[in-house]
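Survey of secondary and tertiary structure
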Amino acid sequence: MSEVEALRQRVRELEAQVAQHAAVEAALRESEETFRVLVEIALDGIFIETQAGRIVDCNPSACAMFGYTRAELIGMWIGDLMPEEFAATLPPLITAEMTTGHVAVERVNKRKDGTLFPTEIMTKLVTLGGERRLIAYVRDASERARIERERRAALQREREARAEAEHAAARARFLDEASRLLNLSLDPAEAPCNLAALAVPALADSCIVYLRDEAGAVRRVHVAHADAAQQAMLNAYLAQYPPVLERLIRPIAQALQTGEPVLVAEVEPGSLRADPADVAHARRTESHALRSLIVVPLTARGQVLGAISFGACSAARRFDAEDLALAEELAGRAALAIDNARLYAALEQGVRDSEHLLQIVSHDLRSPLSAVLLTSGALQAHGAQVGLAELGSLAETAVRAAQQMNTLVDELADFVRVRAGRLAVDPLPCPPAALLQQAVSLLQPLAHEQQVHLAADAPPDLPLLWVDPNRAQQVFSNLIGNALKFTPRGGQVRVCAEPLDEHVRFAVHDTGRGIPAEHLPHLFERFWQGDANGTRGAGLGLAIVKGIVEAHGGWVSVESQLGRGSSFYFTLPRAAAVARARAEGERALTASTTS
């Protein structure tokens, strides 16, 4: 081949290489343009970094994501785009990226305005222009995090709703069981026991039930504790402290007095002490390890029947408002059951009283009625032959029988009024000495007949009373008459009076045979009769006495010893005290009206 031909061949080869190189360059330019376009339109932020973590380039999405311009980002250290605590861990991560060639992480980044947001980052080690570079793809995970948060929140709400539904169902079952147990019996004494048995340990570690009687006195009717040994200790301790309102711990006294529930979420040492000086009581209360306390009143038809205390003694149990609401609901049902049981007992007592009244009417009226009938029959059969003396005797017998029947009828009428709370009194100022002398004078013939010495002893300067004189004479007549009836011949009955605070206290002392101690608590009960020696009456007199005295705002009591006699006491209000109380009430009413 000639030299010319060789040169031509070489030229053709060079031209082919140039064309190939141009094609490669064109393909490279096209590839670079494609990469640039892809980077420019990518939604994810893309950073190109040096091995030291310096940004050499980024796409618009990266600028928008972090709030910087491209010029601000170029040259910035990548650690400036994250919180300080994460930036401190960056060098080891870059080393790992350079070693492994790629890393995928989740991280918290920081925008230019300081706000933080979650990101997902994937890095790739590449060589660009002969230098090793890291390309970091950064995706804003805020939306995914929001969706995840909402998903977790929805799951939490679902769990809470399920737990609340289960709790409500358990509460409903608990209350249903409470209603069932409370209504098992119409015995007022059983309802508190059933209530305490249900409440411990489901609601509380300890439960104490207090009830008021008709006179307002507080009785502790049941004590329950989850621990048998603790219950024995609690019973022994409480037995030393009768439930007098003034000595009860403050939350219980407060619930009984105000009818409002009390929640002591955290019992502080010494905080429950009723009497600051009662150190022994406080020490025993604290030794009971009471950590939390709920006291709810038992209220029915506007009256506070009693209260229930629920105690938390374990470290894991503390009462809150939800426990208080449950305790109130339980107490409401218990109060209704107790009230129903009391009403039923009162109804049964009413039936028994009615039967007793019928027995009294049929029995006690039979004798005087027979006397009237016999006398009338004698007059009808032999009236013409009866002399004046005999006629007078028959008339006297008829009058006595009629008076006996009239007395019995009056007693029955008064008893019905006392029982219904409608006993009328018409008070006016009365000197007590005059009342006393009048009562003794009226009964002096009976005392003389029975050969019993009857005397009155009253200071002349006693203050005026505010009483119904007729009702007062009824009280004197009953008490003095009873004393004469039970005092043997040669005995003494003495009636005394003395001032006592805002009242005057009267006493009827006798030297009779006395009253057994077991009978004393029942003396003022209706129809109660403790005598079996032929001196029985209708059993209404002392009940009427009690009703009359209490209608005046006083009280009655009795003391007696067998073989030494008895003393009956009652009080009647002083006129000055009543006038003072009225004036204070009027001033309070005027003040409340003007305010």
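These lines cover the structure that appears in this document, whether it is placed above or below.

Under the definition given, this model contains 21 salt bridges. Residue R301 pairs with D339 through a salt bridge whose shortest N-O separation is 2.8 Å. Placement of the pair is R301 in the loop between β9 (292–300) and β10 (303–312) and D339 in helix α11 (residues 321–364), with a sequence separation of 38 residues. Residue classification places D339 among the buried residues on the basis of a relative accessible area of 6%. A salt bridge links E329 to R333; the shortest N-O distance between them is 3.1 Å. Within this pair, E329 and its partner R333 are both found in helix α11, separated by four residues, close to a single helical turn. Among the residues examined, R333 registers a relative accessible area of 25% and is labelled partly exposed. Each of E106, E120 and R144 takes part in one network of salt bridges that share partners.

A full pass over the atoms with the stated rule returns zero disulfides. With no disulfide of its own, C58 lies closest to C63 among cysteine sulfurs, the gap being 3.8 Å. Judged by its relative accessible area of 12%, C63 is buried.

Strand order in the open sheet formed by five strands is β7-β6-β10-β9-β8, with antiparallel pairing between adjacent strands. Pairing within the sheet leaves two strands with one partner each, and these edge strands are β7 (218–225) and β8 (262–264). Taking the axes of each pair of neighbouring strands and ignoring which way they run, one obtains an average angle of 15° across the sheet. Bridge analysis of strand β6 (residues 206–212) against β10 gives six bridges, and the strand direction is antiparallel. Across the sheet, C207 pairs through a bridge with F310, a residue of β10.

The rules behind each value
- Residues numbered from 1 in each chain as written.
- Predicted model: local features only at pLDDT ≥ 70, side-chain atom pairs only at ≥ 80, totals over all residues.
- Heavy atoms only, no water.
- Salt bridge = Lys/Arg side-chain N within 4 Å of Asp/Glu carboxyl O.
- Helix = DSSP H or I, 4+ residues; strand = E, 2+ residues; numbered from the N terminus.
- Buried < 20%, exposed > 50% of the residue type's maximum accessible area, 1.4 Å probe, protein only.
- Disulfide = S-S within 2.5 Å.
- Pairing = 2+ DSSP bridges.
- Axes fitted to C-alpha atoms, helices over the stretch in contact; angles between N-to-C directions.

Don't take any of this as a statement about function, it's just geometry.
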